[in-house]
Each structure stands twice: as C-alpha cells, then as structure tokens.
Amino acid sequence: QVQLVESGGGLVQPGGSLRLSCAASGSIFSINSMAWYRQAPGKERELVAGITSGGSTDYADSVKGRFTISRDNAKNTVDLQLNSLKPEDTAVYYCNAVIRTGSWRTPVDYWGQGTQVTVSS
C-alpha cells in the first residue's frame, strides 16, 4: 500500500506565507510526477503546481510567481511554498503522486487526505 501524508496548512492573513509538505510512503518502486491540487467550496479541483522526477515544473497562471513547488526524490517528498497569499487561495490542498509499486506495474494516481489553507484577515 501507498500513503501520501500532507502537513502545513492553516490560517494566514493576506500577504502571508505557508509551506505545505507531503510525504509518500509504502511499497514504492518509483514516483513519476508529483503535484499539488486544490479545491475551493463549490468549485472543481484544479491543478496548482506539478513537478516531474527530473525537476521540470508547471504552475497554474493564478499562482505563478507566488508559489514554488519542490521535491526530494531521495525522501519521496514534495513541498509547496505559498507566498503573497490571497483570500482566493483559500481551499483544501491535495497532494498527488503518480507511483509505480513494481517494475512491471502500471503507474497509479495516489492522493493525500487534503490540508485546509484559509487566507483571511
């Protein structure tokens, strides 16, 4: 089994910063891409940022220049640094990883349980 465990959410004032972390554990052979998604009340889940095993990154236009995604392949972790936060960044943030559990296994999407980020004064 594979688990993704997130940490680091909370309440922050507009303009503030947070750092989210996600650790993957279990029967992991390899991890392809890792990413952060978010879902605000009444809205669909959306990609915030993604990073490949080689370190290539992609960001939603709404967070470019404010958020930074990084990963540690040795530790199977992915972090998201959130700066200059805005009220519209309020959402539940989910960690995602595409993981192979064996050399002949098809990569599978795994999700964390989500962590709440609230930006409010």
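Computed from a predicted structure; not experimentally measured.

Cut-offs applied
- Residues numbered from 1 in each chain as written.
- Predicted model: local features only at pLDDT ≥ 70, side-chain atom pairs only at ≥ 80, totals over all residues.
- Heavy atoms only, no water.
- Phe/Tyr/Trp six-rings, centres within 6.5 Å; stacked < 30°, edge-to-face > 60°.
- Lys NZ or Arg CZ within 6 Å of the ring centre and 35° of its normal.
- Pairing = 2+ DSSP bridges.
- Helix = DSSP H or I, 4+ residues; strand = E, 2+ residues; numbered from the N terminus.
- Disulfide = S-S within 2.5 Å.
- Buried < 20%, exposed > 50% of the residue type's maximum accessible area, 1.4 Å probe, protein only.
- Core = buried A, V, L, I, M, F, W, Y, C linked by side-chain atoms within 4.5 Å.
- Contact = heavy atoms within 4.5 Å.
- Salt bridge = Lys/Arg side-chain N within 4 Å of Asp/Glu carboxyl O.
- Axes fitted to C-alpha atoms, helices over the stretch in contact; angles between N-to-C directions.

In this section: the packing of aromatic side chains. Any two aromatic rings considered together are summarised by their centre-to-centre distance and by the angle between their planes. Under the defined criterion, the tally for this structure stands at one aromatic pair. A cation over an aromatic ring shows up here: Arg45 above the ring of Trp111, its NZ or CZ 4.7 Å from the ring centre.

Further remarks concern the pairing of strand β4 (residues 30-39). In terms of strand pairing, β4 meets strand β9 (residues 91-100) through eight bridges, oriented antiparallel. Bridged to Met34 within β9 is Ala97. Counting the residues that bridge the hairpin from β4 to strand β5 (residues 46-51) gives six residues, and of these Gly42 lies at a positive phi of roughly 80°.

Under the criterion given, the structure shown has one disulfide. The partner cysteine of Cys22 in its disulfide is Cys95, sulfur to sulfur 2.1 Å. Linking Cys22 and Cys95, the disulfide has an S-S dihedral of approximately -80° and is accordingly described as left-handed. With a gap of 73 residues between them, Cys22 in strand β3 (residues 18-26) and Cys95 in strand β9 connect regions that are remote in the sequence. As far as burial versus exposure is concerned, Cys22 and Cys95 are alike and both buried.

A few words on the nonpolar core. Ranked by internal contacts, the top residues of the largest apolar core, which has 31 residues, are Trp36, Leu80 and Tyr93. Of all elements in the fold, only β1 (2-7), β3, β4, β5, β7 (67-72), β8 (77-82), β9 and β11 (115-119) reach the threshold of two or more residues within this core. Per element, the largest residue contribution to this core is five residues, and it comes from β9. With near-sequence residues (within four places) excluded, Leu80 lies in contact with Leu18, Arg19, Leu20, Trp36, Val48, Ala49, Phe67, Thr68, Ile69 and Tyr93.

This part covers the pattern of salt bridges. Summed over all chains, the structure comprises five salt bridges. Residues Asp61 and Lys64 are paired through a salt bridge, measuring 3.1 Å at the closest nitrogen-oxygen approach. Here the salt bridges share partners, and the residues they tie into one network are Arg38, Glu46, Arg66 and Asp89.

Bringing the sheet that holds β7 into the picture now. If you trace the four strands from one edge of the open sheet to the other, you get β1-β3-β8-β7, paired in antiparallel fashion. Pairing within the sheet leaves two strands with one partner each, and these edge strands are β1 and β7. Across this sheet, the average inter-strand angle for adjacent strands is 15°, counted without regard to direction. Relative to β8, β3 is paired through six bridges, and the arrangement is antiparallel. Paired with Leu18 across the two strands is Leu82, which belongs to β8.

To continue, consider unusual backbone geometry. Backbone geometry places Asn76, a non-glycine residue, at a positive phi of 55°. For Asn76, the position within the fold is in the loop between β7 and β8. For Ser84, which is not glycine, the phi torsion reads 50° and is therefore positive. Summarising the element assignment, Ser84 is placed in the loop between β8 and β9.

Worth remembering: the numbers are spatial, not functional.
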